[in-house]
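Below are the chains, spelled out letter by letter.
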Amino acid sequence: MDRLLEVVAVGTSSLVLSVLGVLGYSHATGTLSRTFPDIGTASATLLFAYLWLLTLVAASQGTVVGLDSARWSGLVADAAMVASGVTLVFLTVALVVGFVTPVTAPIDPATVSVAWLVGGGVVGGGLAGALFGVYFLCCDRLAARLTRGE
Amino acid sequence: MDGLQYVAVRSLHVLAAAFLFGGPLGMWLAFRTAEAVPVRLLSWIELLFWGAISVIVFTGLGNLSAFGVPTVETTTGAILGVKFGAIALLVVGSVPRTFVVIYAEQDGTTVHSRALEWGYGLTAVGVAAIVFIAGVLVRG
């Protein structure tokens, strides 16, 4: 059960913090109120569920709880790579769905703008993944100290 | 959004919020009153907690889609931004608590932890604050 709980906690918290980060940024820049109503409840739910599945699969590929200190830097690098991959896969599917559904496309479906979005997303995803790796390591050290005094 | 979809999304949102408040409050009371709490119960509460967090965010997206997103210059828009930040803080603070439960799973079948008592108490307070912000957001 402890492995399942770790996967669910790491995957879900990464997902929710990423979604809130994107929502907060687009809300602050004013794009959320313009683009969000076009997406629709069904599409938003499907995209969210798909991203949740991706993050759970990604979280199941490694472990952070009780990780040996010699493997900490490897974990951060792995987290960055996995997050880049998840972002690439998610953006590809989201853009394809966005372009084929009968709603106003949130971005211009031209090669350059799509390339900028995907490239920026992959780099941003990698940076966020590294931050998540460091954050989960800090959570693990805190939990170890609170339970075992390590 | 048709009627059935509206009722389903709103009901799931409220049920998830009820669990996010009631689950941690119940565990806080358990730690306050019992000698030790079964770790298996804590594991289930944590699994359901993360499921409920996910449900509340995606049904929240459904609500935003249905009712419209206020612009950030308005008071309602500013409150929405505060709500996003409060939920993020709740999630950031909940991961260490879950990791403590994972360590407790590895160490035994029951646990009496001051850290978990505080963790669940603070979680319940945090969720209550978010419910208050949500109430202000809906009713103004």
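These notes cover the structure that comes with them.

Each value, and the rule that gives it
- Residues numbered from 1 in each chain as written.
- Chains lettered and ligands numbered in written order.
- Predicted model: local features only at pLDDT ≥ 70, side-chain atom pairs only at ≥ 80, totals over all residues.
- Heavy atoms only, no water.
- Helix = DSSP H or I, 4+ residues; strand = E, 2+ residues; numbered from the N terminus.
- Buried < 20%, exposed > 50% of the residue type's maximum accessible area, 1.4 Å probe, protein only.
- Contact = heavy atoms within 4.5 Å.
- Areas by Shrake-Rupley, 256 points an atom, 1.4 Å probe, with all protein chains shown as cover.
- Expected span 1.5 Å × (residues − 1).
- Polar contact = N/O pair within 3.5 Å; in protein donor to acceptor, adjacent residues only side chain to side chain.
- Axes fitted to C-alpha atoms, helices over the stretch in contact; angles between N-to-C directions.
- Parallel < 35°, antiparallel > 145°, perpendicular 65-115°, else oblique.
- Left-handed = near helix turned anticlockwise from the far one by under 90°.
- Nonpolar A, V, L, I, M, F, W, Y, C, P; charged D, E, K, R; others polar.
- Buried area = accessible area lost by both parts, 1.4 Å probe.
- Salt bridge = Lys/Arg side-chain N within 4 Å of Asp/Glu carboxyl O.
- 1 Å grid on protein atoms, 1.4 Å probe; cavity = no way out; pocket = protein on both sides within 12 Å on 5 of 7 lines; lining within 4 Å.
- Points joined across faces, edges and corners; volume = space filled by probe spheres on them.

### What to know about the overall build of chain A
Then, in step 1: Within chain A, the regular secondary structure consists of five helices and zero strands.
Then, in step 2: Written out in order from the N terminus, the α and β elements of chain A read α-α-α-α-α.
Then, in step 3: Expressed as a percentage of the 150 residues in chain A, the buried residues total 39%.
Then, in step 4: Restricting to contacts in chain A with at least 6 residues of sequence separation, those with at least 24 account for 81%.
Then, in step 5: Of the roughly 7700 Å² of accessible surface on chain A, 73% is carried by carbon and sulfur atoms.

### Some words on helix α1 (residues 3-33) of chain B
Then, in step 1: With 31 residues, α1 of chain B should reach 45 Å at 1.5 Å per residue; the first-to-last C-alpha distance of 44 Å fits that figure.
Then, in step 2: Turning to α1 of chain B, its buried residues number three or more, namely Val9, His13, Ala16, Ala17, Leu20, Gly23, Pro24, Met27, Ala30 and Phe31 of chain B.
Then, in step 3: Looking at the packing, one finds that the buried side of α1 of chain B touches α3 (41-59) of chain A together with β1 (37-38), α2 (39-67), α3 (75-107), β2 (110-111) and α4 (114-139) of chain B.

### Focus on the side chain of Arg97 of chain B
Then, in step 1: Looking at where Arg97 of chain B falls in the secondary structure, it is placed in helix α3.
Then, in step 2: A polar side-chain atom of Arg97 of chain B sits 2.8 Å from a polar atom in the side chain of Glu46 of chain B.

### Some words on the packing of α2 of chain B against α3 of chain B
Residues and elements named next belong to chain B.
Then, in step 1: Closest axis-to-axis distance for the α2/α3 pair is 10 Å, and the angle between their directions is 160°. Here α2 is positioned roughly antiparallel relative to α3, judged by the angle of their axes. Helix-helix and strand crossings are classified by hand; for α2 and α3 the assignment is left-handed. Contacts from Val39, Leu42, Ser43, Glu46, Phe49, Trp50, Ile53 and Leu64 in α2 reach Leu80, Phe84, Leu90, Val91, Ser94, Val95, Arg97, Thr98, Val101, Ala104 and Glu105 in α3.
Then, in step 2: Residue composition of the contact of α2 with α3, grouped by class: 13 nonpolar, three polar and three charged.

### So, the interface of chain A and chain B
Then, in step 1: Counting residues at the interface gives 42 residues for chain A and 42 residues for chain B.
Then, in step 2: Here chain A packs against chain B, burying approximately 3800 Å² in sum over the two surfaces, 80% of which is carbon and sulfur.
Then, in step 3: Linking chain A with chain B are zero salt bridges.
Then, in step 4: Those elements that place two or more of their residues in the side of chain A that touches chain B are α1 (2-29), α2 (32-39), α3 and α5 (111-148) of chain A.
Then, in step 5: Looking at the side of chain A that touches chain B element by element, the count peaks at 18 residues for α1 of chain A.
Then, in step 6: The residue makeup of the side of chain A that touches chain B, split by class, is 27 nonpolar, 10 polar and five charged.

### Topic: the layout of surface pockets
In this approach, a probe sized like a water molecule rolls over the atoms, and the result shows the empty space that is left.
Then, in step 1: Counted as a void, the second largest pocket has a volume near 780 Å³.
Then, in step 2: What lines the second largest pocket is a set of 30 residues, and nearest its centre among them are His13, Asn63, Lys83, Ala134 and Leu137 of chain B.
Then, in step 3: Elements with a minimum of two residues in the lining of the second largest pocket: α1 of chain A together with α1, α2, α3 and α4 of chain B.
Then, in step 4: The dominant element in the lining of the second largest pocket, judged by the number of residues it contributes, is α4 of chain B, at eight residues.
Then, in step 5: Residue composition of the lining of the second largest pocket, grouped by class: 21 nonpolar, six polar and three charged.

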